[in-house]
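# Working through the structure, step by step
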Amino acid sequence: MSDTPPPPGAGPLVLNMQYTKDLSFEVPGAPGIFATLREQPAIDLQLDVQARPIQEGENLFEVTLDIRADAKAQDQVCFIAELTYCGIFTINVEEVDLEPVLLVECPRLLFPFARNILAEVTRDGGFPPVFLSPIDFVALWQSRRGQAMENPVGNA
């Protein structure tokens, strides 16, 4: 982190911009799946959060939400949706507070926008919109930290 003080008026967390880095929506069984689909598809959701500095020694970070939704009905794949949604953040906090800000607070700001994109793309793909339930990013971060402590690097 930089030793330069933040500019006047800058808070501890600033969302500079957000963007869709990658978006994929596939309907492998189209058009036949639309004629045979008789039930609401079961959705398997996976979510991951990543953060990385944009430039070493600076307080500018890219935070990434990776979301994958696989839908199946009657043992058929209905659709596969993958979204990588990112934000560029300026973060002015102590080093000890950096990880929770990057992996909890930043994703909280990005999540509503990513949720909306996923709902729209699934609806536009001919299926009911997928509305993600709210995510407890604190629990996700704590779980990730617990796994890291159980499996430290170098102990495979």
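Up top is the structure.
Residue positions are counted from 1 within each chain, in the order its sequence is given. pLDDT decides what is reported in this predicted model: residues at 70 or higher carry local features, side-chain atom pairs at 80 or more are listed and counted, and totals for whole chains, interfaces and linings draw on all residues regardless. Hydrogens and waters are ignored; side-chain quantities use all the structure's heavy atoms.

## Here's the deal with the nonpolar core
- In terms of nonpolar packing, the biggest core is built from 33 residues, with V63, L65, C78, F79, I91, L102 and L118 touching the most fellow members.
- Broken down by element, the residue count for this core peaks at 11 residues, all from helix α2 (residues 95–124).
- Throughout, a contact is declared for two residues whenever any of their heavy atoms are within 4.5 Å. Excluding its chain neighbours within four sequence positions, the residues that come into contact with V63 are V49, Q50, A51, Y85, C86, G87, F89, L102, C106, P107 and L110. In plain words, nonpolar cores are sets of buried Ala, Val, Leu, Ile, Met, Phe, Trp, Tyr and Cys residues tied together by side-chain atoms within 4.5 Å. Using a 1.4 Å probe on the protein chains alone, a residue whose accessible area is under 20% of its type maximum counts as buried, one over 50% counts as exposed, and one in between counts as partly exposed. Comment: elements are numbered from the N terminus, with helices defined as DSSP H or I runs of at least four residues and strands as E runs of at least two.

## Quick notes on the pattern of salt bridges
- By definition, a salt bridge exists where a carboxyl oxygen of Asp or Glu is found within 4 Å of a side-chain nitrogen of Lys or Arg. A complete count under the given rule lists 7 salt bridges for this structure.
- Here D48 makes a salt bridge to R144, at a shortest N to O gap of 3.3 Å. Within this pair, whereas D48 is found in strand β2 (residues 42–53), its partner R144 is found in helix α3 (residues 137–150), the two being separated by 96 residues in sequence.
- Overall, the relative accessible area of 31% leaves D48 in the partly exposed class.
- Here R68 makes a salt bridge to D70, at a shortest N to O gap of 2.9 Å.
- By sharing partners, the salt bridges in this structure join K21, R52 and E62 into a single network.

## Focus: the sheet that holds strand β3 (residues 60–73)
- Strands were regarded as paired on the criterion that DSSP finds at least two bridges between them. Pairing in this open sheet of 4 strands is antiparallel, and the strands run β1-β4-β3-β2 from one edge to the other. Edge positions in the sheet fall to β1 (13–26) and β2, since each of these pairs with one other strand and no more. In this sheet, adjacent strand axes meet at a mean angle of 15° when their direction is disregarded.
- Note that β1 and strand β4 (residues 76–91) share 12 bridges and pair antiparallel. To obtain each axis, a line is fitted to C-alpha atoms, and for helices this fit is confined to the stretch in contact; angles are then taken between N-to-C directions over 0 to 180 degrees.

## Here's the deal with α2
- Each residue after the first adds 1.5 Å to the expected span of a helix. Helix length check: α2, at 30 residues, gives a terminal C-alpha distance of 43 Å against a target of 44 Å (1.5 Å per residue), a fit within 8%.
- We define the bend at each residue as the angle formed by axes fitted to the 7 residues ending at it and the 7 residues starting at it. Its maximal kink placed at V101, α2 deviates by approximately 45°.
- Where α2 ends, the next residue or the one after it, G126, has phi of about 100°, a positive value.

## Some remarks on unusual backbone geometry
- Here the amide bond leading from A30 into P31 is cis, since omega sits at 0°, within 30 degrees of zero.
- Following the sequence through the fold, P31 ends up in the loop between β1 and α1 (32–36).
- In this model, D75 sits at a positive phi of 60°, which is unusual for a non-glycine residue.
- Of note, D75 is situated in the loop between β3 and β4.

## A look at the pairing of β2
- As paired strands, β2 and β3 are joined by 12 bridges and run antiparallel to one another. Directly across from D44, in β3, lies its bridge partner D70.
- The antiparallel pairing of β2 with β3 creates a hairpin that spans 6 residues between the two strands, and G57 there sits at a positive phi of about 80°.

## Some points on the pairing of β3
- The element β3 is largely enclosed, with a buried count of 10 among its 14 residues.
- Here β3 pairs with β4 via 14 bridges, running antiparallel. Bridging across to β4, D66 finds its partner in T84.
- Here β3 folds back onto β4, and the loop between the two strands holds 2 residues, one of which, Q74, carries a positive phi near 50°.

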